[in-house]
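This is what each chain is made of:
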Amino acid sequence: MANHNDVWGLRCPSCLWEGGISHAVQPCPQCLDHGIHMAVELHREGIGPQRPTSVQGDASMWKWREFFPPLPDPVSLGEGNTPLVPLRHMTGVWIKDERANPTGSFKDRMASTAVSWAQARGFGTVAVASTGNAAVSTAAYAAAAGLHCVILAKEGGMASPDTERSLRAMGAEIRFTESWQDRWTELERGVRERGWFPVSNYQVPPVSSHPVGVRAYRTLAYEIAEQRAWSVPDWITVPVSRADALCAMVAGFDEIRRLGWISRIPRMLAVVRFPSLQEAVRSGRRQPLTSEYPDRVAALSISDPQATAAAARAVRHSGGDVLVVDDDDLAKAQAVAASHGWLVELSSAAALAGAAELRQRGHKGHVVALVTAAG
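Cut-offs used in this document
- Residues numbered from 1 in each chain as written.
- Predicted model: local features only at pLDDT ≥ 70, side-chain atom pairs only at ≥ 80, totals over all residues.
- Heavy atoms only, no water.
- Core = buried A, V, L, I, M, F, W, Y, C linked by side-chain atoms within 4.5 Å.
- Buried < 20%, exposed > 50% of the residue type's maximum accessible area, 1.4 Å probe, protein only.
- Contact = heavy atoms within 4.5 Å.
- Helix = DSSP H or I, 4+ residues; strand = E, 2+ residues; numbered from the N terminus.
- Expected span 1.5 Å × (residues − 1).
- Arc of directions from axis to C-beta.
- Salt bridge = Lys/Arg side-chain N within 4 Å of Asp/Glu carboxyl O.
- Pairing = 2+ DSSP bridges.
- Axes fitted to C-alpha atoms, helices over the stretch in contact; angles between N-to-C directions.
- Phe/Tyr/Trp six-rings, centres within 6.5 Å; stacked < 30°, edge-to-face > 60°.
- Lys NZ or Arg CZ within 6 Å of the ring centre and 35° of its normal.

A. The arrangement of the nonpolar core in detail. Formed by 78 residues in total, the largest nonpolar core has its most connected members in L167, L246, M249, F253, I256 and L277. For I256, the residues in contact, after removing those within four places along its chain, are A221, Y222, A225, W230, W261 and I262. With 27 residues, the next largest nonpolar core counts W235, V271, A299 and A337 among its residues.

Rendered as structure tokens:
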């Protein structure tokens with residue numbers, strides 16, 4: 001098992017993010033950032049990653065494998081390389097359409113990389129605390145890799161009966177717990193006592209999902225820049241729970257900025273269900289506090305009441321902001337999207353609500369809305 005301070009044989013000379021995980025199975029996210037410095041130095045020597053000249057080539061995110069940890073046999077179902085589509089009803093707004101991934105959500109990027117890492121390092125079981133997209137995605141890639149998959153879900157909290165049927169069809173083992181928090185306790189116990197590979201977070205305060213998997217979300221930044229002929233939008237609106245994708249995109253844009261491929265990082269608008277992140281960003285607080293959780297929440301995918309320290313740092317680093325929405329706001333945004341032909345998950349509608357909010361604030365620049373999952 002690799003030491004968490006020396007994940008690929010090199011120590012990180014500096015880190016973009018603060019905080020992290022010190023665990024033999026779940027390496028420190030900052031130390032993975034040495035990949036930035038490796039890429040920059042190799043590029044300066046003329047032997048590192050070169051900016052693609054067209055969008056042709058590998059039809060998956062693995063076209064960017066020079067930026068990934070070394071994996072001899074990646075587990076891929078064709079994830080990534082998703083469309084960037086202009087909205088006809090909202091001028092200057094594009095959708096980065098993650099519905100086009102194999103299981104219908106952006107989680108496939110993380111699952112592909114995390115399961116590939118687990119397989120390469122000899123794990124027999126991958127586990128995730130999820131009731132929806134992450135569960136389906138992890139189960140799919142575990143099945144493709146021939147690994148056992150354990151899904152930890154609150155009793156009665158599964159996203160839908162179809163979700164449970166899909167998980168069982170792919171051979172996943174579902175373990176129900178009495179509470180949402182018990183999922184993390186059971187996951188931590190499985191990692192410690194049974195040798196499970198944890199795809200998702202189980203720490204309190206919450207941190208990212210497995211940092212190797214989260215790293216794959218940087219490909220969103222690479223793809224958006226490439227699809228825009230190496231320019232970047234003024235804003236990217238992102239549905240946020242623990243902000244794995246948002247943090248990774250900021251790091252990814254910063255990475256290719258250092259390589260000289262783009263001139264700046266776009267501003268991030270994190271669209272959240274609870275005010276934890278907004279309060280931290282606007283007050284300068286490093287570790288966000290927990291928001292009060294109501295009895296019922298419809299937008300489960302962005303329902304974590306406590307934001308991560310990394311999320312607050314990433315939003316600040318981009319010069320961005322945080323928008324708090326409720327279930328009614330999301331339902332309205334979802335209905336407007338559907339009326340124009342876009343069927344998106346309720347939580348994914350947060351990105352469109354964010355784009356509309358930027359227009360209402362008078363921002364006239366280009367906006368990319370990250371639609372994370374299908375409706």
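B. Quick peek at helix α6 (residues 180-194). Taking 1.5 Å per residue as the helical rise, α6 with its 15 residues ought to reach 21 Å, and the 21 Å between its terminal C-alpha atoms agrees with that figure. Turning to α6, its buried residues number three or more, namely R183, W184, E186, L187, G190 and V191. Around the axis of α6, the buried residues are gathered within 165° of arc, so they sit on the same side. More than 90 degrees from the buried face of α6, the exposed residues found are R192 and E193. On the buried face of α6, the contacting elements are β3 (125-129), β4 (148-154), β5 (173-177) and β6 (197-198). Backbone geometry just after α6 places G195 at a positive phi near 75°.

C. Spatial organisation of the pattern of salt bridges. This structure, assessed with the given rule, holds 23 salt bridges. Note that D97 and R99 form a salt bridge whose closest N and O atoms lie 2.8 Å from each other. The buried category is assigned to D97, whose relative accessible area is 8%. Since its relative accessible area comes to 22%, R99 is described here as partly exposed. Across the pair R194 and E186 runs a salt bridge whose closest N-O atoms are separated by 3.7 Å. Classification of R194 by relative accessible area gives partly exposed; the value is 41%. One network of salt bridges, with partners in common, ties together E173, R175, E186, R189 and R194.

D. Representation of the sheet that holds strand β10 (residues 367-371). Strand order across the open sheet formed by six strands is β1-β2-β10-β7-β8-β9, with mixed pairing between neighbours. Each edge of the open sheet carries a strand with a single partner, namely β1 (84-86) and β9 (321-324). Within this sheet the neighbouring strands show an average axis-to-axis angle of 25°, counted without direction. When strand β8 (residues 267-272) meets β9, the two strands line up parallel, connected through four bridges. Along β9, the bridge assignment pairs L269 with D321.

E. Fine view of the side chain of S105. One can find S105 in the loop between β2 (93-97) and α3 (107-120). The class for S105 is buried, based on a relative accessible area of 0%. Contacts of S105, omitting those with residues within four sequence positions, involve E98, N133, T372 and A373.

F. Just the environment of A139, in detail. If you trace the backbone, A139 turns up in helix α4 (residues 133-145). Judged by its relative accessible area of 1%, A139 falls in the buried class. Put simply, A139 and I151 are twelve residues apart on the chain and 8.1 Å apart in space, counted from C-alpha to C-alpha. Residues within four places of A139 in sequence aside, it is in contact with C149, L167, M170 and A172.

G. Examining the packing of aromatic side chains more closely. Considering all chains together, one arrives at eight aromatic pairs under this definition. Seen in terms of ring centroids, F67 and Y222 are 4.7 Å apart; in terms of plane orientation they differ by 40°. Their pairing is tilted. Here F67 is found in the loop between α2 (34-44) and β1, whereas its partner Y222 is found in helix α8 (residues 218-227), with 155 residues between them in sequence. Here F67 and Y222 have matching classes, each one buried. Pairing F106 with Y217 gives two aromatic rings, centres 5.2 Å apart and planes at 25°, and the pair type is stacked. Of this pair, F106 sits in the loop between β2 and α3 while Y217 sits in the loop between α7 (211-215) and α8, and the two are 111 residues apart along the sequence. Of the two residues examined, F106 and Y217, each falls in the buried class. Sitting over the face of the ring of W94, R228 holds its NZ or CZ atom 5.6 Å from the ring centroid. Here R273 stacks its cationic end above the ring of F274, 5.3 Å away from the centre of that ring.

Honestly, that's just the spatial picture; any functional story needs more than this.
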